[in-house]
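Examination of the molecular architecture
Single-letter residue listing:
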Amino acid sequence: MCGITGWLDWERDLTAEVAVLSRMTQTLTPRGPDDAGVWTAPRIGLGHRRLAVIDVDHGRQPMSLRGADDDRELAVVSFSGEIHNFRELRADLAAEGHRFRTGTDTEVLLAAHHRWGEDAVTRFAGMFAYALWDVVRQTLWLVRDPLGVKPLYYAEHATGVIFGSEPKALFASGQVAAEVDAEGLVDVFTVAAKRPGDAVFRTMSEVGPGHVVRFDRAGRHDHRYWQVRSAPHEDDVPTTVARVRELLGRAVTEQILADVPLGSLLSGGIDSSAITALGADALADAGLGPLATYSVDFAGSEEEFTADALHDSRDAPFVKAVVGHLGTAHTEVLVEPAALLEESRTTLRARDIPGVGDLDVSLYLLFREVRRHLTVALSGEGADDAFGGYPWFVSETRQPTDSFPWSAGVQNRNAVLSAQLKPHLDLHARLDDRYREALAEVPRLDGETGTDRRMREVYYLQLTRFLPFLLDRKDRMSMANGLEVRVPFCDHRLVDYVWNVPWQVKRLGDQEKGLLRAAVEDLLPHEVVHRPKSGFPVGKGDAYLQSVRDAVSAMVADPASPAMELLDAGTLRAMVDNKDWFNGAFTPPPVLPRALQLDAWLRDYKVRVVL
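Anyway, here's the lowdown on the structure attached to this text. (Residues numbered from 1 in each chain as written. Predicted model: local features only at pLDDT ≥ 70, side-chain atom pairs only at ≥ 80, totals over all residues. Heavy atoms only, no water.)

Its location among the elements puts His84 in the loop between β5 (73-83) and α2 (86-95). The exposure class assigned to His84 is buried, which follows from its relative accessible area of 6%. If we ignore the near neighbours within four places in the chain, the residues touching His84 are Ala125, Gly126, Met127, Glu254, Gln255 and Arg486. (Helix = DSSP H or I, 4+ residues; strand = E, 2+ residues; numbered from the N terminus. Buried < 20%, exposed > 50% of the residue type's maximum accessible area, 1.4 Å probe, protein only. Contact = heavy atoms within 4.5 Å.)

Spelled out as structure tokens, the structure:
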């Protein structure tokens, strides 16, 4: 998967800054534990940490493209992720005369840019972020995949730009400050309302999903090369079901390619089970297998589980049914709830910003265990967003909220804010502004009204605000362990098609994700195909909950706590004394663990709040 970083400066000789570039690159070691490289020229330096997945012996980066006749360096790239259709592109380029030296998708990327220029990225299907320096044109390209699976941050300065896979790489340059203003605090205090391109930190931006940000001596040029486009859906139901099966099957088949151990994350829900079934079949067709599968649960959950808004049933019985049906080689990872708070600072370092408490830590612990056995894992992330799996989809058809659906039920967001902060930050007003901005972006379909119009809005909000939050979490928790997680449901060709499928067809059989269920029902046990949505397991053990209460009480009483300049002590004390903060709903995620991370973030990163 890898980590990338670099520095462009039109007025500085960066061949003399190898030490700085090496320091920036070193911060990304967990993303790429297998190798490191730094390349410099007078105006630019690129750094790379490699997680070797394809052509392990010949994929060192940064990688150069050289002229066929004079061996002149034409372009250099630092690349993170995978181009899943690179074999098809390689064949096209070879047919036009390009001669390849390696079996990597990185070399295909370079050749594609040389051959097709700005249009090259429109041919890529995958999850990727890369920095490409065109030596001839003296131009830097920062590029991100259509759905934003892989991250890429940048910070402009007076004479250039500094960039990297994670904020920590930019901070290591010594030229980017850890500052947050009111808009950044909106992202800290809320979930899944971040605007595409925002990066929480005041002086930093993110390359938007489906965007190219190009830098030359004339300045910065931002271009959106992909977005969903609305059009009438003309396929009948059987054709739609078959097309979804075809597109998802193609995505999984492309994504099982790896020269290192590969497996699948399995929860027993329809999303991960569908990916696992298709992956098992693809491996069998290739003469490989069985597919390795992994699930996560909390120790003691069999006795302590209670259903709530996002957890309909325990995963374990359904995981067992899938494993027995498909014959996968399965491992269950048991997480001790006490470890959730202990590892909270680990996940903070992985994110560089406050996360979502035990939801982050449990995922991190799962990935840590999986990485002991695998380098690449398939995941079902993105299915709920494309097909409509969350409970708020149905709620919006019955009673539209005129807000971000996943957070519409929060009554008083500002209650947690300190008296000093409230004059500078009204979370309700800020979120309403962001909601209106998002609605203005929706690609409308002429003549669409009522439920169909509202559901198109909801799906757009989901794909552009909620899904990026999930993908960011998955990227940080997996890459902190050097594990590449692939997400076939985020193949933009599948998302393109499903986007225009009417709500009634997506909800085939009057069940959430009914279209997806119909597309894979022949692959899985009946009880799994029709299992209702159940969220990722969360920690509710008494020992964990008490440890959070104790830690928050200590933070509130600490006169040196930087978080208490932003948080209301009375509100936190009340939360410590009741159980509302861990009710199992997502609106909002537990406040108290996030408050602890806020305090640690302000301390560890020496964040300056600018209001």
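What follows deals with the nonpolar core. Phe124, Tyr130, Phe189, Leu567, Leu572 and Trp601 are the most contacted members of the largest nonpolar core, which totals 184 residues. For this core, the element with the highest residue contribution is helix α16 (residues 450-479), accounting for 13 residues. Not counting the four nearest positions on each side in its chain, Trp601 is found in contact with Val180, Val188, Val200, Phe201, Leu348, Asp352, Ile353, Pro354, Lys606 and Val607. Counting 20 residues, the second-largest nonpolar core is a separate cluster that includes Ile4, Trp10, Tyr154 and Val207. (Core = buried A, V, L, I, M, F, W, Y, C linked by side-chain atoms within 4.5 Å.)

Within this structure, the stated rule accounts for 55 salt bridges. Where Arg476 meets Asp472, a salt bridge forms, and the shortest distance between an N and an O atom there is 2.6 Å. Highlighted residues: Arg476 and Asp472, both in helix α16, separated by four residues, approximately one helical turn. Given the relative accessible area of 1%, Arg476 is considered buried. The class for Asp472 is buried, based on a relative accessible area of 16%. Between Arg517 and Glu512 there is a salt bridge, and its shortest N-O distance comes to 2.4 Å. Looking at Glu512, the relative accessible area reads 13%, which means it is buried. Members of the salt-bridge network, linked through shared partners, are Arg31, Lys150, Glu166, Lys168, Arg351, Asp352, Asp360, Asp472, Arg473, Asp475 and Arg476. (Salt bridge = Lys/Arg side-chain N within 4 Å of Asp/Glu carboxyl O.)

Time to look at the state of the cysteines. The tally for this structure, following the rule as stated, stands at zero disulfides. Counting only cysteine sulfurs, Cys490 is the nearest neighbor of Cys2, a cysteine outside any disulfide, at a range of 19 Å. (Disulfide = S-S within 2.5 Å.)

In this section: the pairing of strand β8 (residues 153-157). Put simply, side chains in a regular strand alternate between the two faces of the sheet. Relative to strand β11 (residues 205-206), β8 is paired through two bridges, and the arrangement is antiparallel. Opposite Tyr154, over in β11, you have Ser205 as the bridge partner. As consecutive antiparallel partners, β8 and strand β9 (residues 160-164) are separated by two residues. (Pairing = 2+ DSSP bridges.)

A few words now on empty space enclosed by the protein. Counting across every chain of the model gives nine cavities of 30 Å³ or more. Here the second largest cavity defines a volume of roughly 400 Å³. Looking at the second largest cavity, it is lined by 28 residues, and the ones nearest its centre are Ala192, Lys194, Ile353, Phe469 and Asp472. Broken down by secondary-structure element, the contributors of at least two residues to the lining of the second largest cavity are α5 (182-189) and α16. Looking at the lining of the second largest cavity element by element, the count peaks at five residues for α16. Of the residues assigned to the lining of the second largest cavity, the class counts are 13 nonpolar, six polar and nine charged. (1 Å grid on protein atoms, 1.4 Å probe; cavity = no way out; pocket = protein on both sides within 12 Å on 5 of 7 lines; lining within 4 Å. Points joined across faces, edges and corners; volume = space filled by probe spheres on them. Nonpolar A, V, L, I, M, F, W, Y, C, P; charged D, E, K, R; others polar.)

The next subject is unusual backbone geometry. Outside of glycine, negative phi angles account for most residues, and trans bonds account for most peptide bonds. A cis amide bond links Gln61 to the next residue, Pro62, at an omega of -5°. Summarising the element assignment, Pro62 is placed in the loop between β3 (44-50) and β4 (63-66). A positive phi angle, near 60°, is found at Asp71, a position not held by glycine. With respect to the secondary-structure elements, Asp71 resides in the loop between β4 and β5. Here the phi dihedral of Ala192 falls at roughly 60°; this positive angle occurs in a residue that is not glycine. Mapping Ala192 onto the fold places it in the loop between α5 and β11. You can call Ala192 buried: its relative accessible area is 7%.

It is worth spelling out the sheet that holds strand β18 (residues 484-486) at this point. If you trace the five strands from one edge of the open sheet to the other, you get β16-β15-β14-β17-β18, paired in parallel fashion. The sheet is open, and its two edges are formed by β16 (329-335) and β18, each paired on a single side. Going from strand to strand, the sheet's axes swing by 30° on average, the running direction of each strand aside. Strand direction decides the pairing type here: strand β17 (residues 376-378) and β18, joined by three bridges, are parallel. Bridged to Val376 within β18 is Glu484. (Axes fitted to C-alpha atoms, helices over the stretch in contact; angles between N-to-C directions.)

Below, the discussion takes up the packing of α2 against helix α3 (residues 105-116). Contact geometry for α2 and α3: axes closest at 10 Å, N-to-C directions at 50°. Looking at the two axes, α2 sits oblique to α3. Helix-helix and strand crossings are classified by hand; for α2 and α3 the assignment is left-handed. Contact with α2, carried on its side by Phe86, Leu89, Arg90, Asp92 and Leu93, involves Asp105, Val108, Ala111, Ala112, Arg115 and Trp116 of α3 and no other residues of that element. Among the residues making up the contact of α2 with α3, the classes are represented as seven nonpolar, no polar and four charged. (Parallel < 35°, antiparallel > 145°, perpendicular 65-115°, else oblique. Left-handed = near helix turned anticlockwise from the far one by under 90°.)

A few words on the packing of helix α14 (residues 391-398) against α16. As a packed pair, α14 and α16 sit with axes 9 Å apart at the nearest point and diverge in direction by 150°. Considered as vectors, α14 and α16 are oriented roughly antiparallel to each other. Remark: the crossing between α14 and α16 carries right-handed chirality. Counting all contacts with α14, which are made through Trp392, Phe393, Glu396 and Thr397, the residues of α16 involved are Thr451, Arg454, Met455, Val458, Tyr459, Gln462 and Phe466.

Considered as a void within the structure, the second largest pocket measures approximately 480 Å³ in volume. Listed by contribution, the elements that provide at least two residues to the lining of the second largest pocket are α5, β11, β12 (211-216), β13 (219-224), α15 (427-441) and α16. Among the elements that take part in the lining of the second largest pocket, α16 stands out by supplying five residues, more than any other. Broken down by class, the residue content of the lining of the second largest pocket amounts to 15 nonpolar, six polar and 13 charged.

Bringing the environment of Val576 into the picture now. Residue position: Val576 is located in helix α22 (residues 569-577). Note: C-alpha distance between Val576 and Leu611 (35 residues apart in sequence) is 29 Å. Discounting residues that sit within four places of it in the chain, Val576 has contacts with Arg549, Val552, Ser553 and Leu592.

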